[in-house]
Amino acid sequence: QVQLVESGGGLAQSGGSLRLSCAASGRIFSSYVMGWFRQAPGKERKLVATINWSAGSTNYAESVKGRFTISRDNAKKTVYLQMNSLKPEDTAVYYCAADFSGSGLFSSWGQGTQVTVSS
């Protein structure tokens, strides 16, 4: 139903910034929740941030709170993750996903984009 494509990953220095984008295409629901996840080598995939598309309400993992900001552009059907004050611990493959049920089940996923933070 929905296809998600991430972009904006790359290499940043500790303390630097990156902005990730996730463009959605296809048939989408107005009330769905978008999320950013990340997976570091040898670790499980973890939730980074979520945003309710309609209301704009957000939630963040404690590890990124105050440093990352999730937002959306309805006209462009795009969700963003602004990452500031990057740390080497932020190095991971970042994925965007969509939860259409509101139950926490993210059924649509992007292909992922690599973020590498050097010290």
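Now for a look at the structure at hand. (Residues numbered from 1 in each chain as written. Predicted model: local features only at pLDDT ≥ 70, side-chain atom pairs only at ≥ 80, totals over all residues. Heavy atoms only, no water.)

1. Here's the deal with the environment of Tyr-60
Step number 1: Take Tyr-60: it is sitting in strand β6 (residues 58–60).
Step number 2: Through-space distance from the C-alpha of Tyr-60 to that of Ala-12 is 21 Å; in sequence the pair is 48 residues apart.
Step number 3: Those residues within four positions of Tyr-60 in sequence are excluded, and the remaining contacts are Val-48, Ala-49, Lys-65, Phe-68, Thr-69 and Ile-70.
Step number 4: A polar atom in the side chain of Tyr-60 sits 2.9 Å from the backbone nitrogen of Ile-70. (Helix = DSSP H or I, 4+ residues; strand = E, 2+ residues; numbered from the N terminus. Contact = heavy atoms within 4.5 Å. Polar contact = N/O pair within 3.5 Å; in protein donor to acceptor, adjacent residues only side chain to side chain.)

2. Re the nonpolar core
Step number 1: Judged by nonpolar contacts, the single largest core of 30 residues is most densely connected at Met-34, Trp-36, Leu-81, Met-83 and Tyr-94.
Step number 2: Elements that contribute at least two residues to this core include exactly β1 (2–7), β3 (18–26), β4 (33–39), β5 (46–52), β7 (68–73), β8 (78–83), β9 (92–99) and β11 (113–118).
Step number 3: Among all residues touching Tyr-94, those that are not within four sequence positions of it are Glu-6, Leu-20, Trp-36, Phe-37, Arg-38, Val-48, Phe-68, Leu-81, Met-83, Gly-112, Thr-113 and Val-115. (Core = buried A, V, L, I, M, F, W, Y, C linked by side-chain atoms within 4.5 Å. Buried < 20%, exposed > 50% of the residue type's maximum accessible area, 1.4 Å probe, protein only.)

3. Some words on the environment of Thr-58
Step number 1: Examined against the element boundaries, Thr-58 turns out to sit in strand β6.
Step number 2: A relative accessible area of 32% means that Thr-58 is categorised as partly exposed.
Step number 3: Look past the residues within four positions of Thr-58 in its chain and what remains in contact with it is Thr-50, Ile-51 and Ile-70.

4. Topic: the pattern of salt bridges
Step number 1: The final tally for this structure, using the stated rule, is three salt bridges.
Step number 2: Residues Asp-90 and Arg-38 are paired through a salt bridge, measuring 2.8 Å at the closest nitrogen-oxygen approach. Within this pair, whereas Asp-90 is found in the loop between β8 and β9, its partner Arg-38 is found in strand β4, the two being separated by 52 residues in sequence.
Step number 3: Judged by its relative accessible area of 1%, Asp-90 falls in the buried class.
Step number 4: Given the relative accessible area of 14%, Arg-38 is considered buried.
Step number 5: Note that Arg-67 and Asp-90 form a salt bridge whose closest N and O atoms lie 2.8 Å from each other. Placement of Arg-67 in the loop between β6 and β7 and of Asp-90 in the loop between β8 and β9 is noted, with a sequence separation of 23 residues between them. Residue Arg-67 shares its accessibility class with Asp-90, and that shared class is buried.
Step number 6: A network of salt bridges, in which partner residues are shared, links Arg-38, Arg-67 and Asp-90. (Salt bridge = Lys/Arg side-chain N within 4 Å of Asp/Glu carboxyl O.)

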